[in-house]
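The residues making up each chain are set out below.
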Amino acid sequence: MKADEKITMKAIALCFKPFLKPEEALIYTNLERTALAKRCEEAGIYKNDAGYFKKEDLDRMMSGAPSLLLEKAQAIKL
């Protein structure tokens, strides 16, 4: 198996994992470490107890959708 094939297979596997390690989240979001930390903080996304990011939350953040925290705060105001 060639190195390019391994890289491609790993990238495809990232798309199907429900939780991502911090290093995988960097690859998945195509952000640098500090940019990912800043964007996650702004969106209210945190690692779980095992140290993994929930991929669904990262997808939501990268799509530009409002954060869950913001939506809940607006629902409380209503």
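Note that the structure is a prediction, hence the values are computed from the model and not measured.

About the thresholds
- Residues numbered from 1 in each chain as written.
- Predicted model: local features only at pLDDT ≥ 70, side-chain atom pairs only at ≥ 80, totals over all residues.
- Heavy atoms only, no water.
- Helix = DSSP H or I, 4+ residues; strand = E, 2+ residues; numbered from the N terminus.
- Contact = heavy atoms within 4.5 Å.
- Areas by Shrake-Rupley, 256 points an atom, 1.4 Å probe, with all protein chains shown as cover.
- Buried < 20%, exposed > 50% of the residue type's maximum accessible area, 1.4 Å probe, protein only.
- Salt bridge = Lys/Arg side-chain N within 4 Å of Asp/Glu carboxyl O.
- pLDDT = per-residue confidence, 0-100.
- Axes fitted to C-alpha atoms, helices over the stretch in contact; angles between N-to-C directions.
- Parallel < 35°, antiparallel > 145°, perpendicular 65-115°, else oblique.
- Nonpolar A, V, L, I, M, F, W, Y, C, P; charged D, E, K, R; others polar.
- Core = buried A, V, L, I, M, F, W, Y, C linked by side-chain atoms within 4.5 Å.

Peer 1: Any details on the overall build of the chain? Residues and values, ideally.
Peer 2: Looking only at helices and strands, the chain has 5 helices and 2 strands in total. The secondary structure elements of the chain, listed N-terminal to C-terminal, are α-β-α-α-β-α-α. Viewed in the frame of its principal axes, the chain has a C-alpha envelope of about 55 × 25 × 25 Å. Considering only residue pairs separated by 6 or more positions, the chain has 48% of its internal contacts joining residues 24 or more positions apart. Of the accessible surface of the chain, which amounts to about 6100 Å², a share of 58% is contributed by carbon and sulfur atoms.

Peer 1: Mind laying out unusual backbone geometry, listing which residues take part and the relevant values?
Peer 2: Phi is positive for N30, which is not a glycine, with a value near 60 degrees. Position of N30 among the secondary structure elements: in the loop between α2 (22-29) and α3 (33-43). Residue classification places N30 among the exposed residues on the basis of a relative accessible area of 68%.

Peer 1: Hey, could you go over the pattern of salt bridges for me, with residue numbers and the actual values?
Peer 2: Taken as a whole, this structure holds 1 salt bridge when the rule is applied. A salt bridge links K17 to E24; the nearest nitrogen and oxygen atoms lie 2.7 Å apart. By relative accessible area, K17 is classed as partly exposed at 28%.

Peer 1: I'd like to hear about the confidence of the model for the chain, residue by residue, with values.
Peer 2: Taken over all residues, the pLDDT of the chain has a mean of 86, while the share at 70 or more is 97%. Element-level pLDDT for the chain is lowest in helix α5 (residues 68-77), with a mean of 78, against a maximum mean of 95 in strand β2 (residues 53-54).

Peer 1: Kindly report on the packing of α3 against helix α4 (residues 55-63), identifying the contributing residues and their values.
Peer 2: Two elements in contact, α3 and α4, have axes separated by 11 Å at closest approach and are oriented at 95 degrees. Between α3 and α4, the angle falls in the class roughly perpendicular. Residues L36, R39, C40 and A43 of α3 touch α4, and the partners they reach there are L58, M61 and M62. In the contact of α3 with α4, the residues fall into 6 nonpolar, no polar and 1 charged.

Peer 1: Break down the nonpolar core for me, citing the residues and quoting the values.
Peer 2: Core analysis: the largest hydrophobic core is formed by 12 residues, namely L14, L20, A25, L26, L31, L36, C40, A43, I45, F53, L58 and M61. Going through the elements one at a time, α2, α3 and α4 are the ones with two or more residues in this core. Setting aside chain neighbours within four positions, we find L36 in contact with P22, A25, L26, T29, L31, F53, L58 and M61.

Peer 1: Can you explain the environment of R60? Please cite residues and give values.
Peer 2: Residue placement: R60 occurs in helix α4. For R60, a relative accessible area of 27% translates into the label partly exposed. Between the C-alpha atoms of R60 and A43, which are 17 residues apart in sequence, the distance is 9.0 Å. If near-sequence neighbours (up to four positions away) are discounted, R60 is found in contact with A65, P66, S67, L68 and E71.

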